[in-house]
Amino acid sequence: MAAPPDMELSPTLSLELLPTDPLLLILSFLDYRDLVSCCYLNRRLNQLSSHDPLWKRHCKKYWLISEEEKSRRNQSWRAIFISTYSDLGRYIHYYATLKKAWDDLEQYLGQWCPRMISSLKESVREEDLDAVEAQIRCKLPDDYRCSFRIHNGQKLVVPGLMGSMALSNHYRSEDLLDIDTAAGGFQQRLGLKQCLPLTFCIHTGLSQYMALESVEGRNKYEIFYQCPEQMARNPSTIVMFITGTSYLEWFTSYVNKVVTGGYPIIRDQIFRYVHDKDCVATTEDITVSVSTSFLPELSSVHPPHYFFTYRIRIEMSKDALPENACQLESRYWRITNAKGDVEEVQGPGVVGEFPVISPGKVYEYTSCTTFTTTSGYMEGYYTFHCLYNKDRFFNVTIPRFHMVCPAFKVSTA
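Residues numbered from 1 in each chain as written. Predicted model: local features only at pLDDT ≥ 70, side-chain atom pairs only at ≥ 80, totals over all residues. Heavy atoms only, no water.

- If you check an unreviewed UniProt entry, the protein appears there as FBX3 protein from Loxia curvirostra.
- Quoted straight from UniProt, the Pathway (unreviewed entry) entry for the protein says "Protein modification; protein ubiquitination." (UniProt positions renumbered as here; feature names shortened; annotations may be inferred.)

Here it is in structure tokens:
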């Protein structure tokens, strides 16, 4: 059907006729892969996609490049993106997350644990990681490799980057292993077949392992503490206390807990006590709060023996009257396991001490307990007497705090 004589046909829309600014705005919404693809469509898009400000967002998003670093490198945003991609391109989905975690951790350590900074090792090269894969004849996950392109773990020193734990007769401090030490500990024996150690404690020999293949009941890239099953006839039967499903999740969740104050800093070390913000009780001027931790190295599944430690903080308000100063006389505990079995404990003082509490003063101590079930809880009270009225005794509530063993499973070895 012919068009009416009074209707003019619209001219063909040409890319060359479109104004530059709207096109640049459209291109600014593209991801780096689509932006690169535009370079090959025609001359106009090739020129526009090379517009340097378009690459600024990608440099910041994927490589965390700051304005200061750009000035220092004296390169265009596009050149920086391309050169960085040529080196780290296989890690583009992990690098920004891991780099931020490392940067946040270093900043935090610099403020609270400065001596730990000097134990961190410089990054490794891509060929070093390739050599390790050839040595152990197993592929390393890209998120794990990416972390080592930022920092090659730490030296075998104390304190360890991955946290400490201390009781009266037990001490643990885990180092994050460098790639060569980790490769040297790669396991091929039954029970830990194709498992790579991520951490190591020089006091206990304890490590967290990552499974590089789905064998012996493990999932690929699962991270765990190993614990021999004491009642098994086969000594290679290993119980795994699961600590992570991937390196990225394992490392970044730990760092987040550290830098947000989730773990206390004690004697220039990161202690892996977990505090439930609801686990606080105040009686008169005295506040009691509790943090807990599970110790896999002192636990077993068969026979069932789950070892927990707890750290208690007792504090008197700084606004309390001086005559309210008091001394802890005794403790009472009600301990309940997952079956509902109850044990009651009563005795003088705490850990052999009878602390005095006065306005603004804090007393902290560490103790432990065990359960034959995978979880349980404790609650109770302290009995205090007033220093200026020794006939006055009163009880201070200890809030109920729960202890739960992490998920675990038994290998099929």
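From this point on, the discussion continues.
## Some details on empty space enclosed by the protein
So, step 1. Here the structure, examined in full by the defined rule, presents one cavity of 30 Å³ or more.
So, step 2. Considering only enclosed or pocket space, the largest cavity measures out at about 60 Å³ in volume.
So, step 3. Every residue along the wall of the largest cavity is listed here: Glu 284, Asp 285, Ile 286, Met 316, Asn 324, Cys 326, Cys 386, Arg 392 and Phe 394.
So, step 4. Classifying every residue of the lining of the largest cavity gives five nonpolar, one polar and three charged. (1 Å grid on protein atoms, 1.4 Å probe; cavity = no way out; pocket = protein on both sides within 12 Å on 5 of 7 lines; lining within 4 Å. Points joined across faces, edges and corners; volume = space filled by probe spheres on them. Nonpolar A, V, L, I, M, F, W, Y, C, P; charged D, E, K, R; others polar.)

## Topic: helix H7 (residues 95-112)
So, step 1. Between its first and last C-alpha, H7 extends 25 Å over 18 residues, near the 26 Å set by a 1.5 Å rise per residue.
So, step 2. Looking only at H7, the buried set comprises Tyr 95, Ala 96, Leu 98, Ala 101, Trp 102, Leu 105, Tyr 108 and Leu 109. (Helix = DSSP H or I, 4+ residues; strand = E, 2+ residues; numbered from the N terminus. Expected span 1.5 Å × (residues − 1). Buried < 20%, exposed > 50% of the residue type's maximum accessible area, 1.4 Å probe, protein only.)

## Comments concerning the pattern of salt bridges
So, step 1. By the definition in use, this model includes 26 salt bridges.
So, step 2. With a closest N to O distance of 2.7 Å, Arg 172 and Glu 297 form a salt bridge. Of this pair, Arg 172 sits in strand E2 (residues 170-173) while Glu 297 sits in the loop between strand E12 (286-294) and strand E13 (306-316); the two residues are 125 residues apart in sequence, bridging distant segments of the chain.
So, step 3. Judged by relative accessible area, which is 3%, Arg 172 ranks as buried.
So, step 4. What makes Glu 297 partly exposed here is its relative accessible area of 21%.
So, step 5. In this structure, the salt-bridge partner of Arg 392 is Glu 284, at a minimum N-O distance of 2.9 Å. Here Arg 392, found in the loop between strand E18 (375-386) and strand E19 (393-404), pairs with Glu 284, found in the loop between strand E11 (274-283) and E12; they are 108 residues apart in sequence, far enough to count as distant.
So, step 6. Classification of Arg 392 as partly exposed rests on a relative accessible area of 31%.
So, step 7. Salt bridges here are not isolated pairs; linked through shared partners, they connect Asp 87, Arg 90, Glu 126, Asp 130, Glu 133, Lys 139, Asp 142, Arg 145 and Arg 149. (Salt bridge = Lys/Arg side-chain N within 4 Å of Asp/Glu carboxyl O.)

## Points about the sheet that holds strand E8 (residues 238-244)
So, step 1. Pairing is antiparallel in the open sheet, where five strands are placed in the order E4-E6-E7-E8-E20. Two strands in the sheet have a free side with no partner beyond their single neighbour: strand E4 (195-197) and strand E20 (408-410). On average, each strand axis in the sheet is tilted by 40° relative to the strand beside it, whichever way the strands run.
So, step 2. Alignment of strand E7 (residues 223-228) against E8, held across six bridges, turns out to be antiparallel. By the bridge assignment for E8, Gln 226 is matched with Met 240.
So, step 3. Sheet strands in contact with helix H12 (residues 247-259) are strand E6 (208-211), E7 and E8, and its direction is about 65° off that of E8. (Pairing = 2+ DSSP bridges. Axes fitted to C-alpha atoms, helices over the stretch in contact; angles between N-to-C directions. Contact = heavy atoms within 4.5 Å.)

## A word on the side chain of Gln 187
So, step 1. Tracing the backbone through its elements, the reader meets Gln 187 in the loop between helix H11 (179-184) and E4.
So, step 2. Gln 187 sits in the buried class, given a relative accessible area of 16%.
So, step 3. Here Gly 185 takes part through its backbone oxygen, which lies 3.0 Å from a polar atom of the side chain of Gln 187.
So, step 4. At a separation of 2.9 Å, a polar atom in the side chain of Gln 187 contacts the side chain of Arg 189. (Polar contact = N/O pair within 3.5 Å; in protein donor to acceptor, adjacent residues only side chain to side chain.)

## Digging into the pairing of E8
So, step 1. Counting buried positions along E8 gives six out of seven residues, so the element sits mostly inside the fold.
So, step 2. Strand direction decides the pairing type here: E8 and E20, joined by three bridges, are antiparallel. Paired with Val 239 across the two strands is Val 410, which belongs to E20.

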